[in-house]
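Tertiary structure, described
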Amino acid sequence: MSNDINQLGKIDLLQTLSRPELEALAGCLKPLVCKPGQQIIRPGEPSPDVFFVIDGAVDVNYRKDRSSAPGIRLGRATCFNRSALLAEDGAVESCRAKGASRLLVLDRQALHAWMQAEPAAACKFFAQAARVRENASSCESLAPHLLHIRTTPDNARTEHDLLGERPVARQAYYGIQTLRAIENYSVTGIRISQFPNLVKALAMVKKAAARANQKLGDLDPVLAGAICGACDDIIDGGLHQHFVVDMIQGGAGTSTNMNANEVIANRALELLGRQRGDYRHLHPNNHVNCSQSTNDAYPTALRLAILLSYKRLVKALSDLAYELKQKSVEFAHILKMGRTQLQDAVPMTLGQEFEAYRVTIKEDMRRLENIADLFREVNLGATAIGTGITANTEYSSLVIEELSRIAQIELVPAENLVEATSDMGAFVTFSSALKRTAIKLSKLCNDLRLLSSGPRAGLNEINLPPMAPGSSIMPGKVNPVIPEMVNQVAYQVIGNDLTITMAAEAGQLQLNVMEPVIALNIFQSVKMLTKAVDNLTSRCIKGIRANIDRCRELMENSIGLVTALNPYIGYENATRIAKKALETNGRVMDIVLQEKLLSKEKLERILSPAAMTRPNDRIP
């Protein structure tokens, strides 16, 4: 038992507990002695238990179709549960004991009993669990954290850098510099791996560099081939879980660049039949980073990642515009009252209203596509500050040509590499376009909320599809939750734009060190907008229904009809009719007929949909 408690005390989840508290916890744990290969957590089987590895090890392997989730080994003094291993149900292929192993199991009943007996210890336990999860989790899984934080002496390799030596988990593809970055920058919990196109773009840049360096004689063909093979694995979606550095970091992206260099180097070593970490044969800096600096490789990858990502947003906007067009056609015959300053204005059709929404969305699609072209200009070959130091004279043009082939996107070298290395103008302009799109989407959603307000005490001209019960206290209430969600996404994008603006302004001399926060906010805005627009299209716009009778009722009772009569009865009469209608709660049409200002036949022609909703010659 003493050994068990010693092992429990080494587990980071339990490190805040005192010895007596650990002893009390140990009394609630059930031993689980496993034979070699014994399955511990079965795929698809619910398991709320927490497992503590006391002796032996546990191997977790993911499904083959989840190539971005590598297998992991959990050694002594580690712990896990189902949610720590799974990104989604069924993602694990197997969770088996490696050799004879002994675990201690904390099930839900035992946990509740321990919490009641040791409330102070339970508070410390859950506070530490929250800290571990915050520091560890990417948005997809805790598995990346397990790779480095669970390192044990029998499950580690030793790496060194400028600051000294550190143990790195053998199964990790990243190395010591990534490990230091994990420790230094556990800020947002948003890892590079959350943006797959950024990971792919980094691999594309490294592959292009390897090809160019090989052609120029600066990289051995065997090493170049291994690097290209590793990059292909990443481009195809593999090893993404090993890109674990926080998106916000010091060093102008150096940690992201080194994360890529180390993962690629270690995968390339495997392809050469070598052990991960054996950098004598293929080095992250000397070979993977050959002819590069973070200051040209990282911003080039950012630009390429945007080019790979933004089209998904444009596609989402195109789908939205299409559905708005369908509604404009469906509602083309429905007369309603237009409004300015939330007051009755002049008649229009509901179809015209939705057609206007379509046009405004199409405008921003075109602008996003035009502005994205700015990212085709890259500074690859600039190295540190734009002078191209350490790179062959032909390297820049050749590597950009290679990258264009790999990405199947035409890229061009910047006119001035020194200027391009520090300039963030393209990011500012693109972010401004994203903000503009967000503002238009938010305005559209504000309109939908107003038009669907009610159902009895509001405008109620349209019905939005019900998505969820709207209240915990008011039965029957259904809220416009999808437009509300889009509104909030828009506010976030607007805030992101301000961050990008300030970060771009903060550049100094030959580099802008704030590129990581620019990258995070750009990618976050694109990703959020894309998902929000998809939801708006599929879960709101498609299901909108018009309340035809309500639209006509509001129009016919509106004072705004008098505007259409102004050319025929004069401004003074029109003003008097409007005032009388307000005072008597009468209809404009009825008062005009009562006062014999127009015949019924002419009034009907003037107030016909064709006459009121488009320019027309004066009706005789």
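Residues numbered from 1 in each chain as written. Predicted model: local features only at pLDDT ≥ 70, side-chain atom pairs only at ≥ 80, totals over all residues. Heavy atoms only, no water.

Pro455 follows Gly454 through a cis peptide bond whose omega is 5°. Structurally, Pro455 is set in the loop between helix H16 (425-451) and strand E12 (462-463). Unusually for a residue other than glycine, Gln341 sits at a positive phi of about 50°. Tracing the backbone shows Gln341 in the loop between strand E8 (335-340) and strand E9 (343-349). According to the relative accessible area criterion, Gln341 is exposed, its value standing at 68%. Phi is positive for Thr390, which is not a glycine, with a value near 80°. Assessed through its relative accessible area of 65%, Thr390 is described here as exposed. (Helix = DSSP H or I, 4+ residues; strand = E, 2+ residues; numbered from the N terminus. Buried < 20%, exposed > 50% of the residue type's maximum accessible area, 1.4 Å probe, protein only.)

Next up on the list: a negative patch on the surface. There is a patch of like negative charges on the surface, built from Glu377, Glu415, Glu419 and Asp423. A relative accessible area of 39% places Glu419 in the partly exposed class. (Patch = residues over 30% accessible without salt bridge, like charges linked within 9 Å, V, L, I, M, F, W, Y side chains within 5 Å. Areas by Shrake-Rupley, 256 points an atom, 1.4 Å probe, with all protein chains shown as cover. Salt bridge = Lys/Arg side-chain N within 4 Å of Asp/Glu carboxyl O. Lys, Arg positive; Asp, Glu negative; His and termini not counted. Charge placed at Lys NZ, Arg CZ, Asp CG, Glu CD.)

You can see Asn460 is positioned in the loop between H16 and E12. Judged by relative accessible area, which is 13%, Asn460 ranks as buried. Setting aside residues up to four positions removed in sequence, Asn460 forms contacts with Leu451, Ser452, Ser453, Pro455, Asn547 and Arg550. (Contact = heavy atoms within 4.5 Å.)

Turning our attention to helix H21 (residues 571-584). Its 14 residues give H21 an end-to-end C-alpha distance of 20 Å, which sits within 8% of 20 Å, the value for a rise of 1.5 Å per residue. Taken as a whole, H21 has its buried residues at Ala574, Ile577, Ala578 and Ala581. All buried residues of H21 project into a common sector of 100° when viewed along the axis, lining one side. Turned more than 90 degrees away from the buried face of H21 sit Glu572, Lys579 and Glu583, all of them exposed. (Expected span 1.5 Å × (residues − 1). Arc of directions from axis to C-beta.)

Turning to the pairing of strand E7 (residues 164-169), a few remarks are in order. As paired strands, strand E6 (residues 156-161) and E7 are joined by 6 bridges and run antiparallel to one another. Residue pairing in the sheet places Thr158 in a bridge with Pro167 of E7. Counting the residues in the hairpin turn of E6 and E7 gives 2 residues. (Pairing = 2+ DSSP bridges.)

Before going further, it helps to examine the packing of helix H8 (residues 196-215) against helix H10 (residues 254-271). Between H8 and H10, the shortest axis-to-axis distance is 10 Å and the interhelical angle comes to 65°. As the angle between them shows, H8 and H10 are arranged roughly perpendicular. Taken as a pair, H8 and H10 cross one another with a handedness that is right-handed. Taken together, the residues of H10 that come into contact with H8 (itself represented by Leu202, Ala203 and Lys206) are Thr256, Asn257, Ala260, Asn261 and Ile264. Its residues placed into classes, the contact of H8 with H10 shows 4 nonpolar, 3 polar and 1 charged. (Axes fitted to C-alpha atoms, helices over the stretch in contact; angles between N-to-C directions. Parallel < 35°, antiparallel > 145°, perpendicular 65-115°, else oblique. Left-handed = near helix turned anticlockwise from the far one by under 90°. Nonpolar A, V, L, I, M, F, W, Y, C, P; charged D, E, K, R; others polar.)

In the predicted model, the protein chain carries a mean pLDDT of 87, and the fraction of residues at 70 or more is 90%. Per-residue pLDDT stays below 50 along residues 86-90; that stretch engages in 12 contacts with residues further than four places along the chain or on separate chains. In this model residues 134-149 is a low-confidence stretch, pLDDT under 50, and it forms 52 contacts with partners more than four residues away in sequence or in other chains. (pLDDT = per-residue confidence, 0-100.)

A few words on the pattern of salt bridges. Taken as a whole and judged by the stated rule, the model has 37 salt bridges. For the salt bridge of Arg587 with Asp590, the shortest nitrogen-to-oxygen distance reads 3.2 Å. One continuous salt-bridge network, built from bridges that share partners, spans Arg211, Lys215, Glu401, Glu402 and Arg405.

Our next topic: the environment of Gly9. Its location among the elements puts Gly9 in helix H1 (residues 2-10). Through-space distance from the C-alpha of Gly9 to that of Leu22 is 7.2 Å; in sequence the pair is 13 residues apart. Apart from residues no more than four positions distant in its own chain, Gly9 is found in contact with Gln15 and Leu22.

Okay, the packing of H8 against helix H14 (residues 395-407) next. One way to put it is that H8 packs onto H14 with a least axis distance of 8 Å and a crossing angle of 130°. Put simply, H8 runs oblique to H14. Crossing of H8 against H14: the hand is right-handed. Contacts between H8 and H14 involve Met204, Val205, Lys207, Ala208, Ala209, Arg211, Ala212, Asn213 and Lys215 from the first element and Tyr395, Leu398, Val399, Glu402, Leu403, Arg405, Ile406 and Ala407 from the second. The class makeup of the residues in the contact of H8 with H14 is 11 nonpolar, 1 polar and 5 charged.

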